[in-house]
Amino acid sequence: MAEASQIPMPVPAPRMSRVLDAVLDRGPALAAVAGLLLLWQGVVWFFEVPEYMAPSPIAVLGAFQDNAGTLWLNFWPTFFEAALGFVAGNLVAILLAVWFVHNSTAERAFFPIAVFINTIPIIALAPVLVLIFGNGFAPKIIIAGLICFFPTLVNMVRGLKAVSPATLDLMRVLSASNWEIFWKVRLQSSLPFLFAALKIASTTCVIGAIVAEWIGSNFGLGALIIEATFNFRSPLLYATVFTAALLAVVMFALVSFAEAKFIRWKTSDVH
């Protein structure tokens, strides 16, 4: 009896090879960032731009080192406000979207109100909320939530409705309950739309928290930006702005990581 041929098992790539592949994959982005920093440094040096107008990257790096404690202390309030606003705003939007899909009367009644609220500029709404709730965390969280709310609501409603009638008819033929149709069909079809909105919200919630801190706050990155601006501490101003941008990038990366875990397929018709 002939011996069974053995199928060679794939050998996992060495760790160093995977790290090298990751570096090469991000090479163009890293090169572009390095080029922009060199250009920025060269322009400031060549034209002798005063530091209070546009500090060089070296001066901004020095501000990071000299004010690390201040940046760290003001980072956490902004992160807290943005994260809670992100969770609250998106959770309310998702629940409303589910209600709208299952109750067309509610959608016709309340969706125009959601559109109207979205048309109010955040910079105009922030003072009103500060007057009502004071200078604590509440108005910042509400503003961060509001700026996340509408894109998630629109995308979630569209995603929950993006189910073919044939699929719904099949589920009804199989005697599926409304809960089973929602859990196994509607929710699955809505995930690409939902994560597209969450990626937007992950960055805009930071903007909302900072704008709220501009209106009335003694702590947070937004308050530090105002303080550095009025005191002409441009290196600290730029360092604070970069810190806020880093916070938004981290939140975007977390949402992207969650998307990779929850969505196991690729879709080409979600923009």
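The structure we're discussing is the one just above.
This is a predicted model, so every value here is computed, not measured.

Caption draft 1: Representation of the environment of Ile 94 within the structure. Along the polypeptide, Ile 94 turns up in helix H4 (residues 68-102). Among the residues examined, Ile 94 registers a relative accessible area of 23% and is labelled partly exposed. Placed 55 residues apart in sequence, Ile 94 and Phe 149 show a C-alpha to C-alpha distance of 8.8 Å. When neighbours within four sequence positions are excluded, Ile 94 is seen to be in contact with Thr 152, Met 156 and Leu 194.

Caption draft 2: Representation of the side chain of Thr 240 within the structure. Positionally, Thr 240 belongs in helix H11 (residues 234-262). On the basis of relative accessible area, Thr 240 is assigned to the buried category, the value being 0%. With near-sequence residues (within four places) excluded, Thr 240 lies in contact with Leu 71, Leu 221, Leu 224 and Ile 225.

Caption draft 3: Molecular detail of the packing of H4 against H11. Direction vectors running N to C along H4 and H11 enclose 40 degrees, while the axes themselves pass 11 Å from each other. The interaxial crossing formed by H4 with H11 has right-handed handedness. Here Leu 71, Phe 75, Thr 78, Phe 79, Ala 82, Ala 83 and Phe 86 of H4 lie close against H11, whose contacting residues are Leu 236, Ala 239, Thr 240, Thr 243, Leu 247, Met 251 and Val 255. Here the residues of the contact of H4 with H11 sort into 11 nonpolar, 3 polar and no charged.

Caption draft 4: Molecular detail of the packing of aromatic side chains. Across all of its chains, the model carries 17 aromatic pairs by this definition. Considering the side-chain rings of Trp 99 and Phe 110, the 5.5 Å spacing of their centres and the 35 degrees angle between planes classify their relative orientation as tilted. Taken together, the residues Trp 99 in helix H4 and Phe 110 in helix H5 (residues 104-119) connect sequence positions 11 residues apart. Measuring from ring centre to ring centre gives 6.1 Å for Phe 111 and Phe 150, while their planes differ by 40 degrees; the resulting arrangement is tilted. One end of the pair, Phe 111, is in helix H5; the other, Phe 150, is in helix H7 (residues 137-161), and 39 residues separate them in sequence.

Caption draft 5: Just a nonpolar patch on the surface, in detail. Together, Leu 36, Leu 39, Val 43, Trp 45, Phe 46 and Phe 47 give the surface a local cluster of nonpolar side chains, amounting to about 750 Å² of exposed area. Along the polypeptide, Phe 47 turns up in the loop between helix H2 (27-46) and helix H3 (57-66). On the basis of relative accessibility, which here comes to 57%, the residue Phe 47 falls in the exposed class.

Caption draft 6: Geometry of the pattern of salt bridges. Under the defined criterion, the tally for this structure stands at 2 salt bridges. A salt bridge links Lys 161 to Glu 107; its shortest N-O distance comes to 3.1 Å. Highlighted residues: Lys 161 in helix H7 and Glu 107 in helix H5, separated in sequence by 54 residues. A relative accessible area of 43% means that Lys 161 is categorised as partly exposed. The exposure class of Glu 107 is buried, given its relative accessible area of 18%. A salt bridge links Glu 259 to Lys 199; the shortest N-O distance between them is 2.7 Å.

Cut-offs used in this document
- Residues numbered from 1 in each chain as written.
- Predicted model: local features only at pLDDT ≥ 70, side-chain atom pairs only at ≥ 80, totals over all residues.
- Heavy atoms only, no water.
- Helix = DSSP H or I, 4+ residues; strand = E, 2+ residues; numbered from the N terminus.
- Buried < 20%, exposed > 50% of the residue type's maximum accessible area, 1.4 Å probe, protein only.
- Contact = heavy atoms within 4.5 Å.
- Axes fitted to C-alpha atoms, helices over the stretch in contact; angles between N-to-C directions.
- Left-handed = near helix turned anticlockwise from the far one by under 90°.
- Nonpolar A, V, L, I, M, F, W, Y, C, P; charged D, E, K, R; others polar.
- Phe/Tyr/Trp six-rings, centres within 6.5 Å; stacked < 30°, edge-to-face > 60°.
- Patch = residues over 30% accessible without salt bridge, like charges linked within 9 Å, V, L, I, M, F, W, Y side chains within 5 Å.
- Areas by Shrake-Rupley, 256 points an atom, 1.4 Å probe, with all protein chains shown as cover.
- Salt bridge = Lys/Arg side-chain N within 4 Å of Asp/Glu carboxyl O.

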